[in-house]
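Fold and contact review
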Amino acid sequence: MADTKREIERKYEGPATENGADGLPDLSGVPGVAAVVDKGLAELDATYYDTPDQRLAAASLTLRRRTGGADAGWHLKLPVSEGVRDEIRAPLSDTVPRALSGLVRSRVRDTELVPLVRLLSARDVRHLVDGSGALLAEVSLDRVRAERLDGGGGTAAWTEIEVELADDGDPAFLDKVEKKLRKAGLHRSAAPSKLAKALAETGRRAGKRSGKRAPEGGRAATPAPATDPVTAGDHVLEHLRAQRDAIVELDPAVRRDVHDSVHSMRVATRRMRGTFGSYAKVLDPAVTGPIGDELKWLAGELGVDRDREVLTERLTQALAELPRTLVGGPVRTRLRTWAHARHGGSRRRLLAVLDGKRYLALLTALDGLVTDPPLLDAAAGDPGKVIARAVRKDFARVFELVGRAIDGQPGTDRDLAVHEARKKAKRARYAAEAAVPALGAPATRLARAMKSLQSLLGDHQDSVMTREALRELAALAHAAGESSFTYGVLYGREEQRAAAVEAALPEAWRATLEQTSV
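Report follows, based on the coordinates. Positions within a chain are numbered from 1, following the residues in the order the chain's sequence is written. Since the coordinates come from a predicted model, pLDDT governs what is reported: local features require at least 70, and pairs of side-chain atoms require 80 or more to be given and counted, while whole-chain, interface and lining totals use all residues. Think of the side-chain values as coming from all heavy atoms in the structure, minus any hydrogens and water.

Here the focus is the packing of aromatic side chains. Each aromatic pair joins two rings of Phe, Tyr and Trp (for Trp, the six-membered one) with centres within 6.5 Å, and gets the label stacked for planes under 30 degrees apart, edge-to-face for over 60, and tilted for any other angle. Counted under the stated rule, the structure contains three aromatic pairs. An angle of 25° between the planes, with centres 5.9 Å apart, marks the rings of F395 and W509 as stacked. Here W509 lies in helix α15 (residues 485-515) and F395 lies in helix α12 (residues 383-407), a separation of 114 residues in the sequence. For the pair formed by F395 and W509, the shared burial category is buried. Of the aromatic side chains, those joined through ring pairs into one cluster are F395, F399 and W509. Whether a charge sits over a ring depends on NZ of Lys or CZ of Arg being within 6 Å of the ring centre and within 35 degrees of the ring normal. Of note, K197 hangs over the ring of W158, and the distance from its end group to the ring centre comes to 5.5 Å. Residue placement shows R358 over the ring face of W297; its charged tip is 4.2 Å from the ring centre. Counting from the N terminus, the helices are DSSP H or I runs at least four residues long and the strands are E runs at least two residues long. Each residue gets one of three labels from its accessible area relative to the maximum for its type: buried under 20%, exposed over 50%, partly exposed in between, using a 1.4 Å probe on protein chains only.

Pasting the structure below:
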């Protein structure tokens, strides 16, 4: 079993650290600090693991097995922002725990994790506490010796000071500590972590821009080109690379069930599929088509919980807006039961998907797409012409479908027309967003207009889906001998919402036409 800790810390170095333990400045004068408590010396022995081509290090991830200190065990650190990381901990064992290996699977694929660097640290620890004795921050002076384990043979030694904020502490407190440390001649360490410093000083660095291929069984994420995009193909590939990177980077968050991570990964798959369709004159559909099919499969697997999540939020809000006199029976309990009925099973299914060969094959195919893209002749063309032509084509399709939705008769046919218009508006929006670096303000305006239209049409589709859910809930309630009155009331309100969208659509579409010019 693994647990997570949000780690907010800063590292410092400078002349004041050269004298060993005595080099730790006096921090008793830091505002808010009532006492500096000596917690003694700890001997830490950490071995860091990575692939032979250092994929984890290139992504600023660290995986280590550490003994000594109060938190011996396996630690995986995932970057959140500068100076902030989530540390996932697992008990000490001889091999990498599955709870952690899964979180790096999108990077590692089928490649073996091997010992990369060993760090031996003598850590002199101080606790900064307030007047009540509560911990504000832990400050340590670390004497570190690094040894390369992957054949490089290099060694290095240095001393640094680490300041880690207490759980739920105010990050502004670190600024107060830093002010004191700077007065003592210290400065922020250039290296973001001990591992990064060890790699820099003991041999080969993690090659974010090396572009070298990974060993058989997977490929390291390909770095973005160092030059700005010039051709239409350059622009399209830059957008595709960003979506590929998003899928890989979101994988650990999806596995941890982090809020909105599933939705964000699903959006990345849709953006990529949309790019394939919109820019079919740039990338060969014979190659992108099968990849698009696999992205659609992945989006479907990701959406099993997400769709019900959205419906539950909508129904909960609608129920909260009803007068109490219109709520009959255990409606809220029924809704909660319905919302959680498949969550556990679907989570297990999703994790199995992310560990499966089909998903890993898709990631490898995406790597191949951006490293060896199937470019057509139009890829070499002027982006101002090629990309603009593609965006206009998508917009023309939206124009046709919105007109069909406006002219259609209320009922199932109009529902289907609105849904198709929504999907094409989303694709046009994604195409316009991808075109912004090449086309500038006109593409930005079109993307904004399509997003607004998509939102309106999405409200209509949400109403259609909510009514389907209400029919299901009403049937369940009836079978259990419960009143189904409230579900009928909510159903009627959803019909009114859909009708309001249909009534607003002509005016919204006229406003959209006034805003767009690509």
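Now that the structure has been shown, the text picks up again.
What follows concerns the layout of surface pockets. Definitions used for this entry: grid spacing 1 Å over protein atoms alone; cavity, a set of points where a 1.4 Å probe fits but cannot get out; pocket, an open set with protein on both sides within 12 Å along at least 5 of 7 lines; lining residue, one with an atom within 4 Å of a point. Grid points are joined across faces, edges and corners, and a volume is the space filled by probe spheres set on the points. Within this model, the largest pocket holds a volume of roughly 1,500 Å³. Secondary-structure elements contributing two or more residues to the lining of the largest pocket are α7 (261-278), α8 (285-321), α13 (412-439) and α14 (441-479). The biggest single contributor to the lining of the largest pocket is α8, with 14 residues.

In these notes, a set of buried Ala, Val, Leu, Ile, Met, Phe, Trp, Tyr and Cys residues joined through side-chain atoms within 4.5 Å is what counts as a nonpolar core. Core analysis: the biggest nonpolar cluster contains 62 residues, and L240, Y279, Y359, M450 and L453 have the highest contact counts within it. Contacts are assigned to residue pairs that have any heavy atoms within 4.5 Å of one another. Those residues in contact with Y359 that sit more than four places away from it in its chain are S106, I247, D251, M265, W297, L298, V353 and L354. Ranked by size, the runner-up nonpolar core spans 18 residues in total, among them L27, V30, A137 and I161.

As a further point, take the pattern of salt bridges. Salt bridges, as used here, are contacts in which a Lys or Arg side-chain nitrogen is within 4 Å of a carboxyl oxygen on Asp or Glu. Evaluation of the coordinates by the stated rule reveals 54 salt bridges. Residue E13 is joined to K197 by a salt bridge in which the shortest nitrogen-to-oxygen separation is 3.5 Å. Placement of the pair is E13 in strand β1 (residues 3-13) and K197 in helix α5 (residues 194-202), with a sequence separation of 184 residues. Residues E13 and K197 agree in their burial class; the two are buried. With a closest N to O distance of 2.7 Å, E507 and R510 form a salt bridge. Of this pair, E507 and R510 both sit in helix α15, separated by three residues, roughly a single helical turn. Relative accessible area serves as the criterion here: at 47%, E507 is assigned to the partly exposed category. For R510, a relative accessible area of 45% translates into the label partly exposed.

Of note, A431 is situated in helix α13. The class for A431 is buried, based on a relative accessible area of 3%. With 155 residues separating them in the primary sequence, A431 and F276 have C-alpha atoms 9.6 Å apart. Sequence-distant contacts of A431, defined by excluding residues within four places in its chain, comprise S278, Y279, V391 and D394.

Further remarks concern the environment of W74. By secondary structure assignment, the location of W74 is in strand β4 (residues 73-81). Residues W74 and P97, 23 residues apart in the sequence, show an inter-C-alpha distance of 7.7 Å. Here the side chain of W74 touches T95 through a polar contact of 3.5 Å, landing on its backbone oxygen. Polar contact is the term for a pair of N or O atoms within 3.5 Å; when the atoms are in protein, one must be able to donate a hydrogen and the other to accept it, and sequence-neighboring residues count only if both atoms are side-chain atoms.

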